[in-house]
Amino acid sequence: MASQPNLFANSIYALYKQIHTPTIVEHCVYCSFLSGDRRCLALAGGNLLRIFQLSDDAMYDRSSGNLDDVFHSESASPVKRSRLEQCLSFSMYGPILGMTAVRVQGNDKDYLLLCFPDAKLSVIEFDCAVNDLKTVSLHYFDEEEMKDGYNQHPLPPRLRTDPDMRAAVALIYSTQLVVFPLTSRASDESLAPSRIPSYVINLRHLDEKVCNVSDLVFLHGYYEPTLALLYEPVRTWSGRVAVRQDTFVISVISLNLREKVHPVIWTTTGLPMDSQQVLPVPKPVGGVLLLAANSLIYLNQSTPPYGVSLNSVTESTTAFPLHSNPVRVCLDAAHATFVTADRIVVTLRGGEIYVITLLGDAVRAIRGFHFEKAAASVLASCVTILEPGFLFLGSTVGNSLLLKYTEQSKETAVPSNRVEPPAKKKRLNTAAEWEAVDLEEMFQSYRDAPGFGSTLLSYNFDVSDSLLNIGPIANAIVGEPGSLSEEFVDSMMEDHPLLELVCASGHGKNGSLSVLARSVRPSVVTTFPLPGCLDMWTVRDVSYRDEGRGIVSRQHAYMLLSREDATMVLQTGEEIMEVDETGFTTNEPSVWVGNIGTQGMVMQVTPTKVSLLECAKEVQQVSLPDDVTGNIIECAAIDDHAMLVTDSGHLVYLRLHGDGSEQRLRATRPQLRVKPITVDVYRDQGGLFNTTAGGGTTVLGAAAVQRAVAPSSGPTADDEDALLYGGGVERNKPKRPDTKPPPTPKPAELNIPITYWAVVYLENGALEIYSLPQFLCVFHVSGFPYGPTLATHSDRKWTLDSAWDRRSQGAVTEVLAVGLGPGASRPHLVALTGNSVLVYEAFVYNQPTAPVGETQPLNVRFKRLHHDINVRTQRVGKSLHPSLRVETETPYGAKRKLLRHFTDISGYSGVFIAGPYPYWLIMTHRCALRVHPMTIDGPVTSFATFDNVNCPRGFLYFNLEEDLRVSQLPGHLTYDAPWPVRKVPLKATPHHVAYHSALKVYAVTRSVDAPTNKVPRTMSLDNEFDVVDKGERFVYPPATTFSIQLYSRESWEPLPNGKVTLPEWERVCCMKVCLLKDDNDVFKEFIVAGTNNVLGEEVMCKSRVLIYDVAAPTEGSSDEWLKLLIDDEKKGPVSAVASVRGLLFTAIAQRIFLWHFKPSEPALVGAAFIDTQFYTHCAAPLKNFIVTGDVFRSVTLLRFKDQDKMLSKVSCDVSALQIYALDYLVDSGNLGFVVSDEHKNLIIFHYQPEIRESLGGTRLLRRADSTSGRMSTASSVSRSTWTTLAPGFGTGPRPSRPWRSVTSPIW
């Protein structure tokens, strides 16, 4: 489990925090986790667990999510797309190493069995009452006696579940098998839904002495849980294939869970040495498929094995009898799953998708395999079948894909020499009749009868949806953004630089550059200085009706600006101009202006009156009830309903009546026993808000009902086997639908009525929801300002006069109830307090039936969502800086609305939070709530959507300088991500990225792989090669070719003539932009790369130091961007480069050099050197100090004395520690060094010679450590302010260090 954040020295801020959630997918399970009649997809990556559901979407919005993964289908046809909607997301306290679904007997939904390092197992379930996870049982197996003395284990734990849900197992430490009985019949212990027992089997104690287990699976069709183990008793490798081969063994054991006796049923030995995984074959065939790197073998207890060779490598690596096959593939790192009982989908290492058909006879014996390449997709890490017709590919190196596949019959039949089966004969009843029959001939006739797989099918794959992934991150750099508006360019030169994080992520054809921006940077169309404006609204008008479609135009017609004593009306069109002759009230300020109803009517609310307008003409001045006193200070409206609040504590309800131009507003005053503070009106479109006893109809609920009543099929072969072998197999197996459930219906299709509700926050700290127009209290939450994790309905009479409620008076200043997601079907409640923002999401909870005479409560509860929004307006010990102060109340007493709901801003919808620290809350069709700050322009005082011919689907906002910005969201960024991101596809593997600040370009080291038949000649000095020919079916190894490419920061297109390709077999080990001195002692930036020739252990290692000058060619010329200045050959790999006071630092294995750069000669002149530990591969310079990381012996601190031209060792860490990345960490007067090691820890060292434990400064002191759970591969240092990178935490400059890992979290 990951530990909690530690403190650095005596500082008071946390050192470690994950600020970007993992985006990879390592494990996927399709199960009934949320409910018994609702199947969902559970995805795990890093420490993040996400739950998705499959739903159809005919109106797929491309602007909300980009399907930018490489996908080339050989035969694709347009289909209706489906999408994945995120239901829930949970962050765990450690990385998830394994996941599977289990179901306990008597339970109607599945549990999830999770595994954490090293061998911690957790069984969790989803609790519908709290909309959260609940731990069923915990299992701990980290005892030293179970590890057999090993400190590290190369293979992670593997979890498997019996297909009939009778047991689950977990293989830990390669020899220990943890068994979880799931049925009370199979265990002596009492099995309750809240407790799952377990016991451990030591595989070394079995009859077969099992060890070195590579894979294990449960088999189909056995009376008891039966487990197949793939293991290698005596290991070998490819270098000893001539001496020892065919070392793998498959042993099948039966698990007697009651007696805890585990006999071995059958064993097959002599399997190929490159065996990797086993795949259970479903009934009625049964058995197991063995997937080796170069062969595919079918094994079963009752039939002889059948295997095929996938390439010519098997001719010299195995003696197992294999049949020939024309296909040439390699199943190394492949992932497979069964689509049907006789067809398998396999994804290969290169992303190719193959469909393998099992060809068998009538006695269920495999007689062949048919291979068909169907498509080329992402490099997958896991694969699973969702509903029939949908395949999910999870990936750790690219975007995860949801594929829709369709079947199509092929005209060609399976080639066969079989004869037609004999005609049906009469029944044989007597012994004489049986003796007259040739039994061998009868058996042969059944054997020759057509079996399964006789009809071949072709499959077409099409991308339906994509999940964005920015991992694995190999390297990253902080640079300056391009494509900024002119209004923000000046701020790059000030104390608050604008930065972006560029990450080299992905692998192979899924390689890309991920450009991350922490803040939203709007694209400003124009700016108007308008001093004195306090609030702003935009409205549409009925006169802007689209006559062709008969609806009101979507573009806004007027913009209204409220001042202290007046209202300014601006007409928007080709130009924005002020108009005077309108029906709007302009002689007093406005409290709220907006459209009401569906016919384009406009309502304007001022402190003293309410006006209804049509075509910019006043048609009604609403008369308020006589008992309403005071000025109006707040208004909330949607469709035909509106609520007003006066400063005297009165609440007014307005409703629009009538049709067309005869529509008028009627006002009533609801009676409240407590003074209201703030109010909002919510429109429910999904049917979630209802007061029907026992629950009502919702969009998701109706879909579940349709799934539950789906017709079931008749008896199958599984039922016949159950009758033959006993009913125990099928009794405990959970019933699941055999066909795809209908798509999630829309509210209009289900005739769900749209309902309206008023959300009122009261003076006593209670939040209440009232039904409209009846105005009955159906939901009451006491103590709402305290932000309860779960907001539940409580009885009003017990909390109305509580003393502690009165202490929270005025804590909540504004509430907003809004529907987000597709169709606005997900209700969210956002509340703004003085110090925080509370965000709640509603979920279904069936309330008990209310007593007679009382109102039935609302069948919902609210779950508080975790977020990183910080709008703190007061700090301990000091007040807010005046430059960040945004008043929440106008001079004329009206409340300034800081929570603004928006729809269709560049295709996104959500909530904008104005104030000193603005934020965007965005939810797209993915249904994941994204929170993005917008600190680029400082505090925002007012916000409004704006759709105009010159600014389509844009927005308006006022900053603290009273400038009106007409803006849009940049379309090249994707905001449906933890951070705004832009993925630049490379079609290659990126390794290093560096930023040249002088010319504003990025240098990227990338590589591509291509098969080669050349072999380095042994003991060659001139890199000579021999060409070998192994035939057409031989799988040649890949050769890697590296190149350095320059990219423009504005367009992110590769610069023409900006590429340098290195010779084949030469690898770039390091590449940086170094600040070096030239002959005139002038500092200049150069691109420095260190290479190494990887030609095997029998060829002498050579390397080069390459220094390039970057210069922009003149327009129209063919000059190169990169000019080679230094090409210096070295002996040994150049593993690290850096710049130290204008000198070039190079690490060549264990030796470190400092060089003077002489571009006039050109040459590198030695300045100093020192020998260190084993292999230095990373370094971080700071002035004349250099901290280096060794691959075996931790960190070393060096110092360069310029006067003496000497490089000396200052201090070091004497422990044996494998370093992955390092950097320095500065906090005021303290200097530390932060490193990441092989155990996935972040460790801080201090150089403090005054402390006795440092032995006079010769030892670095280990001050803090924290477990991140993932290998950290890179860090970037940028002198930035907390206001830019972490809004709300201060304004003083501090060095900030984002760290990246291979799974894409950023800390």
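## A closer look at the overall build of the protein
Part 1 of the argument: Within the protein, the regular secondary structure consists of 10 helices and 90 strands.
Part 2 of the argument: Across the 1307 residues that make up the protein, the buried fraction comes to 57%.
Part 3 of the argument: Look at the contacts in the protein between residues 6 or more apart in sequence, and 58% of them connect residues 24 or more apart.
Part 4 of the argument: Total accessible area on the protein stands at roughly 55,100 Å², and carbon and sulfur atoms take up 50% of it.

## Describing the packing of aromatic side chains
Centre-to-centre distance and the angle between the planes together describe a pair of aromatic rings.
Part 1 of the argument: Throughout the structure, instances matching the rule amount to 28 aromatic pairs.
Part 2 of the argument: Ring centres of tyrosine 306 and phenylalanine 369 lie 5.8 Å apart, and the angle between their planes is 45°; on these two criteria the pair is classed as tilted. With tyrosine 306 in strand β21 (residues 306-309) and phenylalanine 369 in strand β25 (residues 366-376), this residue pair connects regions lying 63 residues apart in the sequence.
Part 3 of the argument: With a relative accessible area of 13%, tyrosine 306 lands in the buried category.
Part 4 of the argument: Residue class for phenylalanine 369 comes out buried when judged on its relative accessible area of 8%.
Part 5 of the argument: Among the aromatic residues, those joined into a ring-pair cluster are Phe902, Phe912, Trp920, Phe943, Phe955 and Tyr957.

## What about the nonpolar core?
Part 1 of the argument: Ranked by internal contacts, the top residues of the largest apolar core, which has 40 residues, are Ile913, Trp920 and Leu921.
Part 2 of the argument: Elements with a minimum of two residues in this core: β53 (812-820), β54 (826-833), β55 (837-844), β57 (899-905), β58 (908-913), β59 (919-922), β61 (940-946) and β62 (954-959).
Part 3 of the argument: With 33 residues, the next largest nonpolar core counts Trp537, Val610, Ala616 and Val622 among its residues.

## Quick notes on the pattern of salt bridges
Part 1 of the argument: Scanning the model with the defined rule gives 34 salt bridges in all.
Part 2 of the argument: Between aspartate 110 and arginine 103 there is a salt bridge, with the nearest N and O atoms lying 2.6 Å from each other. A single burial state applies to aspartate 110 and to arginine 103, both of which are buried.
Part 3 of the argument: A salt bridge links aspartate 164 to arginine 166; its shortest N-O distance comes to 3.4 Å.
Part 4 of the argument: Here arginine 166 falls in the buried class, since its relative accessible area comes to 2%.
Part 5 of the argument: In the salt-bridge network here, residues are joined through shared partners; they are Glu480, Lys1000, Arg1049 and Glu1050.

## A closer look at the sheet that holds strand β16 (residues 248-254)
Part 1 of the argument: Taken together, the 4 strands give an open sheet; going across it, the order is β14-β15-β16-β17, and neighbouring strands pair in antiparallel fashion. Whereas interior strands pair on both sides, the edge strands pair on one side only; in this sheet they are β14 (213-218) and β17 (264-271). Averaged over all adjacent pairs, the angle separating strand axes in this sheet is 15°, with direction ignored.
Part 2 of the argument: In terms of strand pairing, β14 meets strand β15 (residues 226-231) through 5 bridges, oriented antiparallel. In the sheet register, valine 213 faces β15, and the bridge partner there is tyrosine 231.

## Thoughts on the pairing of β21
Part 1 of the argument: Both faces of β21 are covered, namely the face carrying Tyr306 and Val308 and the face carrying Gly307 and Ser309.
Part 2 of the argument: The pairing of strand β20 (residues 295-299) with β21 spans 4 bridges and is antiparallel. When the bridges of β21 are listed, tyrosine 298 appears paired with tyrosine 306.

## Comments concerning empty space enclosed by the protein
Part 1 of the argument: Applying the stated criterion across every chain yields a total of 5 cavities of 30 Å³ or more.
Part 2 of the argument: The volume enclosed by the largest cavity comes to roughly 210 Å³.
Part 3 of the argument: As for the largest cavity, its lining consists of 19 residues, of which Gly482, Glu500, Arg521, His972 and Leu973 are closest to the centre.

## Brief notes about unusual backbone geometry
Part 1 of the argument: Here the bond from lysine 283 into proline 284 is cis, since omega is 10°, no more than 30 degrees from zero.
Part 2 of the argument: Structurally, proline 284 can be placed in the loop between β18 (275-280) and β19 (288-292).
Part 3 of the argument: Here the phi dihedral of serine 1194 falls at roughly 60°; this positive angle occurs in a residue that is not glycine.
Part 4 of the argument: Looking at where serine 1194 falls in the secondary structure, it is placed in the loop between β80 (1185-1190) and β81 (1195-1201).
Part 5 of the argument: Since its relative accessible area comes to 0%, serine 1194 is described here as buried.

## Quick word on the environment of glutamate 1053
Part 1 of the argument: Turning to its location among the elements, glutamate 1053 is positioned in the loop between β69 (1038-1048) and β70 (1054-1061).
Part 2 of the argument: Spatially, the C-alpha atom of glutamate 1053 lies 9.9 Å from that of proline 985, the residues being 68 residues apart in sequence.
Part 3 of the argument: Setting aside anything within four residues of it in sequence, one finds glutamate 1053 in contact with Leu1046, Tyr1047 and Ser1048.

## Topic: the sheet that holds β53
Backbone-to-backbone hydrogen bonds join strands into a sheet, with any given pair of strands oriented parallel or antiparallel.
Part 1 of the argument: Taken together, the 5 strands give an open sheet; going across it, the order is β52-β56-β55-β54-β53, and neighbouring strands pair in antiparallel fashion. Edge strands, defined here as strands with exactly one partner in the open sheet, are β52 (790-791) and β53.

## Side note on the confidence of the model for the protein
Part 1 of the argument: In the predicted model, the protein carries a mean pLDDT of 82, and 82% of its residues have values of at least 70.
Part 2 of the argument: Within the model, the stretch residues 412-426 combines pLDDT values under 50 with 13 contacts to residues more than four positions away or in other chains.
Part 3 of the argument: Confidence drops under pLDDT 50 across residues 699-744; counting only partners more than four residues distant or on other chains, this segment forms 69 contacts.

## Section: the side chain of asparagine 311
Part 1 of the argument: Positionally, asparagine 311 belongs in the loop between β21 and α1 (314-317).
Part 2 of the argument: A polar atom in the side chain of asparagine 311 sits 2.8 Å from the backbone oxygen of valine 329.
Part 3 of the argument: In this view, asparagine 311 contacts Ala293, Asn294, Val327, Arg328, Val329, Cys330, Arg1033 and Val1035; residues no more than four positions away in its chain are not counted.

## Some details on the environment of threonine 668
Part 1 of the argument: Along the polypeptide, threonine 668 turns up in strand β47 (residues 664-668).
Part 2 of the argument: A relative accessible area of 42% means that threonine 668 is categorised as partly exposed.
Part 3 of the argument: In this structure the C-alpha to C-alpha distance between threonine 668 and leucine 651, which are 17 residues apart in sequence, comes to 8.7 Å.
Part 4 of the argument: Threonine 668 has contacts with Pro625, Leu651, Val652 and Tyr653, leaving out every residue within four places of it along the chain.

## Overview of the environment of leucine 999
Part 1 of the argument: With respect to the secondary-structure elements, leucine 999 resides in the loop between β65 (989-996) and β66 (1001-1011).
Part 2 of the argument: According to the relative accessible area criterion, leucine 999 is partly exposed, its value standing at 30%.
Part 3 of the argument: Residues leucine 999 and glutamate 1085 lie 86 residues apart in sequence; the distance between their C-alpha atoms is 9.6 Å.
Part 4 of the argument: Once residues within four sequence positions are removed from consideration, leucine 999 is found in contact with Val1110, Ala1111, Ala1112 and Trp1121.

## Comments concerning the side chain of asparagine 1241
Part 1 of the argument: Topologically, asparagine 1241 is positioned in strand β85 (residues 1241-1246).
Part 2 of the argument: By relative accessible area, which is 13% here, asparagine 1241 ends up buried.
Part 3 of the argument: Within the structure, asparagine 1241 has its side chain in polar contact with the side chain of threonine 1267 (distance 3.1 Å).
Part 4 of the argument: What asparagine 1241 contacts, discounting residues up to four positions off in sequence, is Val1235, Ser1236, Ser1266 and Thr1267.

## Focus: the state of the cysteines
Part 1 of the argument: All chains considered together, the criterion is met by 0 disulfides.
Part 2 of the argument: Cysteine cysteine 1074 shares no disulfide, and the gap to the nearest cysteine sulfur, in cysteine 1070, comes to 8.7 Å.
Part 3 of the argument: Between cysteine 1101, a free cysteine, and cysteine 1069, which holds the nearest cysteine sulfur, the sulfur-to-sulfur gap is 8.1 Å.
Part 4 of the argument: Take cysteine 1101: its relative accessible area is 29%, and that puts it in the partly exposed class.

Thresholds, definitions, all that
- Within every chain, residues take consecutive numbers counted from 1 along the sequence as written.
- Given that the model is predicted, a residue must reach a pLDDT of at least 70 before its local features are reported, and side-chain atom pairs must reach 80 or more before they are shown or counted; all residues, however, enter totals for whole chains, interfaces and linings.
- Note that the side-chain values use all heavy atoms of the structure and ignore hydrogens as well as water.
- Counting from the N terminus, the helices are the DSSP runs of H or I reaching at least four residues and the strands are the DSSP runs of E reaching at least two.
- Any residue under 20% of the maximum accessible area for its type is buried, any over 50% is exposed, and the rest in between are partly exposed; the area is computed with a 1.4 Å probe on protein chains only.
- Residues are treated as being in contact if the distance between any of their heavy atoms lies within 4.5 Å.
- For the accessible areas, the method is Shrake-Rupley and the probe is 1.4 Å, while residue cover comes only from the protein chains on display.
- Ring pairs are drawn from Phe, Tyr and Trp, using the six-membered ring of Trp, whenever the two centres fall within 6.5 Å, and their geometry is named by plane angle: stacked under 30 degrees, edge-to-face over 60, tilted for the rest.
- The term nonpolar core refers to a set of buried residues drawn from Ala, Val, Leu, Ile, Met, Phe, Trp, Tyr and Cys, joined through side-chain atoms within 4.5 Å.
- Criterion for a salt bridge: a side-chain nitrogen of Lys or Arg within 4 Å of a carboxyl oxygen of Asp or Glu.
- The pairing criterion for strands is at least two bridges between them, as found by DSSP.
- The axes used here are C-alpha line fits, helices contributing only the stretch in contact, and every angle between their N-to-C directions lies in the interval 0 to 180 degrees.
- Buried and open spaces are told apart on a 1 Å grid over the protein atoms alone, a cavity being a set of points where a 1.4 Å probe fits but cannot get out and a pocket being an open set with protein on both sides within 12 Å along at least five of seven lines. Residues with an atom within 4 Å of a point are the lining residues.
- Grid points are joined across faces, edges and corners, and a volume is the space filled by probe spheres set on the points.
- Confidence of the predictor at the level of single residues is captured by pLDDT, which takes values from 0 to 100.
- Definition of a polar contact: a pair of N or O atoms within 3.5 Å, with one able to donate and the other able to accept a hydrogen when the atoms are protein atoms, and with sequence-neighbouring residues admitted only if both atoms are side-chain atoms.
- Disulfide: a pair of cysteine sulfur atoms within 2.5 Å of each other.

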